[in-house]
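Observations on the three-dimensional arrangement
Take a look at the letters that make up each chain.
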Amino acid sequence: MYFAVRGCTTAARDLSKPEFLPSVSFDDVKRITANADTAARDVGIDVERAWLIAAPVGQATAEALQKDTADNLAKCKMTGSFVRSIVARLQMALTELGSNKSIIEKDF
């Protein structure tokens, strides 16, 4: 999710096409990712290893999303929904592993 939002945000800026901006900001995703990182470490997940495995594919995804195509625009528009779904599933998984930390920020 981090790389998808980064790729779409970069595309919006570099292509001067704000319609590529996802409904979730890159700053929000960085904050969520940091929260998830902390919660995952607390339950014993090797976050560094997970990053080493996921980063190359994520980087390639971010670069691919920066091309001005109708398919990429559609993917960028769906990215916000994708992020919210992944965050919810990740929160449930971390809770099942014993985490007491919320990665979903309260806004109340």
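Refer to the structure above for everything that follows.
Formed by 17 residues in total, the largest nonpolar core has its most connected members in Val29, Val83 and Ile103. Secondary-structure elements contributing two or more residues to this core are α1 (2-14), α2 (26-42), α3 (47-64) and α4 (70-96). Residue contacts for valine 83: discarding those within four places in its chain leaves Met1, Val5, Val24 and Val29. Counting residues in each nonpolar core, the second largest holds 7 residues, with Cys8, Ala11, Leu65 and Cys76 among its members.

This brings us to α4. Taking 1.5 Å as the rise per residue, α4 with 27 residues should run 39 Å; its terminal C-alpha atoms sit 39 Å apart, in good agreement. At threonine 79, α4 shows its strongest bend, of approximately 40°. Among the residues of α4, those classed as buried are Asn72, Cys76, Thr79, Gly80, Val83, Val87, Gln91 and Leu94. Buried residues along α4 sit in contact with α1, α2 and α3. Two residues or fewer after α4 comes glycine 98, characterised by a positive phi angle close to 105°.

A few words now on the pattern of salt bridges. Throughout the structure, instances matching the rule amount to 8 salt bridges. In this structure, arginine 13 and aspartate 14 form a salt bridge, with 3.0 Å as the shortest nitrogen-oxygen distance. Under the relative-accessibility criterion, arginine 13 is labelled exposed at 58%. Salt bridges here are not isolated pairs; linked through shared partners, they connect Asp37, Arg41 and Glu48.

Cut-offs and rules
- Residues numbered from 1 in each chain as written.
- Predicted model: local features only at pLDDT ≥ 70, side-chain atom pairs only at ≥ 80, totals over all residues.
- Heavy atoms only, no water.
- Core = buried A, V, L, I, M, F, W, Y, C linked by side-chain atoms within 4.5 Å.
- Buried < 20%, exposed > 50% of the residue type's maximum accessible area, 1.4 Å probe, protein only.
- Helix = DSSP H or I, 4+ residues; strand = E, 2+ residues; numbered from the N terminus.
- Contact = heavy atoms within 4.5 Å.
- Expected span 1.5 Å × (residues − 1).
- Bend = angle between axes of the 7 residues up to and from the residue.
- Salt bridge = Lys/Arg side-chain N within 4 Å of Asp/Glu carboxyl O.

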